Amino acid sequence: MIIEADLLIHSAAQVVTCASDVPKRGVAMQDVGVILDEAVVVKDGRILNIGPTKSIRQQYSASQTVDASGKVICPGFVDPHTHVVYAGDRLGEFEQRIRGATYLEIMAAGGGIVSTMRATRNASVDELAEATLPRLAQMLRLGTTTAEVKTGYGLDLDSELKMLEAIAVLDLAQPIDLVPTFMPAHAIPPEFNGRSDAYVDWVVNEMIPAAAAWYKGSHFLVDGRPLFCDVFCEQNAFNLAQSRQVLEAGLAHGLPPKIHADEFTSLGGVGLAVELGATSVDHLDVTSPEDGARLADSDAVGIVLPAVNFNLGSHDFADARALIDAGTAVALSTDINPGSAPCPSQPLVMAIATRYQRLLPAEAMNAVTINAAFGVGLGDKVGSLAVGKQADLLLLNCTDYRQLAYQFGGNLIDAVVKNGRLLSL
Ligand code: NIG
Ligand code: FE
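The text that follows walks through the structure, step by step, so that each part is easy to find. In this text the structure is predicted, and so the values were computed from the model without any measurement.

**With respect to a nonpolar patch on the surface**
Now for step 1: A contiguous nonpolar surface patch, about 330 Å² in accessible area, is contributed by Leu 91, Phe 94 and Ile 98.
Now for step 2: Along the polypeptide, Phe 94 turns up in helix H2 (residues 91–98).
Now for step 3: Assessed through its relative accessible area of 41%, Phe 94 is described here as partly exposed.

**With respect to the coordination of the iron ion (ligand 2)**
Now for step 1: Around the iron ion (ligand 2), the protein contributes the donor atoms His 81 (NE2), His 83 (NE2), His 260 (NE2) and Asp 335 (OD), which lie 2.0 to 2.8 Å from the metal centre.
Now for step 2: Mapped onto the polypeptide sequence, the residues donating to the iron ion (ligand 2) form the spacing pattern H-x1-H-x176-H-x74-D.

**A word on the site of ligand 1**
Now for step 1: Around ligand 1, 15 residues are found, and the nearest of them are Tyr 103, Tyr 153, Glu 263, Asp 335 and Ser 340.
Now for step 2: In this structure, Asp 335 approaches ligand 1 through a side-chain N or O atom, which is 2.7 Å from an oxygen atom.
Now for step 3: Summarising the interface, the protein chains cover 100% of the accessible area of ligand 1, which totals 320 Å² for the free molecule.
Now for step 4: Here ligand 1 is seated within the largest cavity.

**Here we look at the packing of helix H6 (residues 157–173) against helix H7 (residues 196–216)**
Now for step 1: Between H6 and H7, the shortest axis-to-axis distance is 10 Å and the interhelical angle comes to 25 degrees. Taken together, H6 and H7 sit at an angle that is classed as roughly parallel. Classified by chirality, the crossing of H7 by H6 is right-handed. Along its contact with H6, which presents Leu 157, Glu 160, Leu 161, Leu 164, Glu 165 and Ala 168, the element H7 presents Trp 202, Glu 206, Met 207, Ala 210, Ala 211 and Trp 214.
Now for step 2: The class makeup of the residues in the contact of H6 with H7 is nine nonpolar, no polar and three charged.

**Details of empty space enclosed by the protein**
Now for step 1: With the rule as written, the count across this model stands at one cavity of 30 Å³ or more.
Now for step 2: Put simply, the largest cavity is a space of about 90 Å³.
Now for step 3: As for the largest cavity, its lining consists of 13 residues, and the residues nearest its centre are His 83, Tyr 103, Ile 113, His 186 and Ser 340.
Now for step 4: Its residues placed into classes, the lining of the largest cavity shows four nonpolar, six polar and three charged.

**Description of the nonpolar core**
Now for step 1: Counting residues in hydrophobic clusters, the biggest one holds 118 residues, and the most contacted among them are Val 85, Ile 259, Val 281, Leu 332 and Met 365.
Now for step 2: It is H7 that provides the largest number of residues to this core, a total of ten residues.
Now for step 3: By size, the runner-up hydrophobic cluster in this structure holds 17 residues, among which are Leu 385, Leu 393, Ala 415 and Val 417.

**Here's the deal with the packing of H7 against helix H9 (residues 240–252)**
Now for step 1: It is at 9 Å that the axes of H7 and H9 come closest, and there the two elements cross at 5 degrees. With respect to each other, H7 and H9 are oriented roughly parallel. In this structure, H7 contributes Ser 196, Asp 197, Val 200, Asp 201, Val 203, Val 204 and Ile 208 to the contact, and H9 contributes Gln 242, Gln 245, Val 246, Ala 249 and Gly 250.
Now for step 2: Partitioning the contact of H7 with H9 into residue classes produces six nonpolar, four polar and two charged.

**Some details on the side chain of Asp 400**
Now for step 1: Mapping Asp 400 onto the fold places it in the loop between strand S14 (393–396) and helix H17 (403–406).
Now for step 2: Look at Asp 400 and you get buried, because its relative accessible area is 19%.
Now for step 3: In this structure the side chain of Asp 400 is engaged in a polar contact, spanning 2.8 Å, whose partner is the side chain of Arg 402.

**Here's the deal with the packing of aromatic side chains**
Now for step 1: According to the stated counting rule, one finds eight aromatic pairs in the structure shown.
Now for step 2: Note on Tyr 199 and Phe 238: the rings are 6.3 Å apart at their centroids and 35 degrees apart in plane angle, and the pair reads as tilted. Of the two residues, Tyr 199 is situated in helix H7 and Phe 238 in the loop between strand S9 (228–233) and H9; the sequence distance between them amounts to 39 residues.
Now for step 3: Relative to Phe 220, the ring of Trp 214 has its centre 6.2 Å away and its plane inclined at 45 degrees; by these criteria the two rings are tilted.
Now for step 4: On the accessibility criterion, Trp 214 (15% relative accessible area) is buried.
Now for step 5: A relative accessible area of 0% means that Phe 220 is categorised as buried.
Now for step 6: Taken together, the aromatic side chains of Phe 192, Tyr 199, Trp 202 and Phe 238 make up a single cluster linked through ring pairs.
Now for step 7: If you follow Lys 258 out to its NZ or CZ, it ends over the ring of Phe 228, 4.9 Å from the centre.

The rules we used
- Residues numbered from 1 in each chain as written.
- Chains lettered and ligands numbered in written order.
- Predicted model: local features only at pLDDT ≥ 70, side-chain atom pairs only at ≥ 80, totals over all residues.
- Heavy atoms only, no water.
- Patch = residues over 30% accessible without salt bridge, like charges linked within 9 Å, V, L, I, M, F, W, Y side chains within 5 Å.
- Areas by Shrake-Rupley, 256 points an atom, 1.4 Å probe, with all protein chains shown as cover.
- Salt bridge = Lys/Arg side-chain N within 4 Å of Asp/Glu carboxyl O.
- Helix = DSSP H or I, 4+ residues; strand = E, 2+ residues; numbered from the N terminus.
- Buried < 20%, exposed > 50% of the residue type's maximum accessible area, 1.4 Å probe, protein only.
- Donors = N, O, S within 2.8 Å, 3.2 Å for Na, K, Ca; no water.
- Near = heavy atom within 4 Å.
- Polar contact = N/O pair within 3.5 Å; in protein donor to acceptor, adjacent residues only side chain to side chain.
- 1 Å grid on protein atoms, 1.4 Å probe; cavity = no way out; pocket = protein on both sides within 12 Å on 5 of 7 lines; lining within 4 Å.
- Sits in = over half its atoms within 2 Å of the grid points.
- Axes fitted to C-alpha atoms, helices over the stretch in contact; angles between N-to-C directions.
- Parallel < 35°, antiparallel > 145°, perpendicular 65-115°, else oblique.
- Left-handed = near helix turned anticlockwise from the far one by under 90°.
- Contact = heavy atoms within 4.5 Å.
- Nonpolar A, V, L, I, M, F, W, Y, C, P; charged D, E, K, R; others polar.
- Points joined across faces, edges and corners; volume = space filled by probe spheres on them.
- Core = buried A, V, L, I, M, F, W, Y, C linked by side-chain atoms within 4.5 Å.
- Phe/Tyr/Trp six-rings, centres within 6.5 Å; stacked < 30°, edge-to-face > 60°.
- Lys NZ or Arg CZ within 6 Å of the ring centre and 35° of its normal.

This is how it looks when you write it as structure tokens:
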């Protein structure tokens, strides 16, 4: 008996599954699960079967059939750390940095995150959504089908809730599934200069409870997507004690923790995040081997963001090679934001990570798919090709997935299937 399906993609040169029930660690990151001449069949937005083309074509017929000869099928990318919702740009700072100013100097002089805060506070939900849509469209064309998105350019109660609202509007307005993160502790707003403890009190006592209440009424809860809580644990941002206050308040309101730790200075954020059971620990540029070992022993995914170092003209990248060798489940992310990484491209991040962090193409592939999915708490739904999983997949214009990391500056994404639907890009 022939089984009816919605979409059947067959004859692929390679199907790269990245399949795993847990985040991949150590040598497991070198295995992407390549199978040859396979077909993938999709129904009701989910993967119904994967198998040899001949037997799949005998068992199934589909309303839409795609010949993937000469192409690779792989999971849609998950971008697990983004600040993609914002207004304005930071072109002036880009030039300041070219002339020699550092990111931290610009931040200390009242620019940086705070300058995007000003533009974001002045924008409406609709204006924020309109400014962000083209960026999400670019990410989709570059293969991203799920993305985490942080607040953190509002830095007051109303503006942070406005950012959450913009994330919800954007989630419904375009194909990429968004995973919201509440991050009022991204920078100290100018009104609180010299009074960071008072700002943290506001975050803890009012903003986080308000965000938790917002989440309870949002479609994200219904859809099984979490609302995370994040903090920038850094010199001139939030110290370790303040970071603890923020993440513990988030936990008390049901928001799982994430942290920006060890981007420029190490304040002990890794230990804190591990202690609190964080879903991910992000940046890790200056992490000590001791903290690396702590992270490897934990369930947290280590998210590294080499587009930031690249963009800041730095030659010092997070030692992702050592993190993987020590046993951390490493994921890669763009960190797309107007300051430290105006970059929508996970393939470019793979290209940087393979060159400057000595990840193998297979490790980079797992790092933008299954491990990234676990980094946003969705490892059971997306990030790999397996029966029953959401049918988010890419067709690549090449016969070997390693081309994705090998080439750079172009775009090998031939087609994107999101929730079982072949998109026209
Ligand atoms: O992840 N490090 C803090 N936050 C962002 C930068 C955001 C910005 O510069 O606007 C990051 O790099
Ligand atoms: Fe960030």
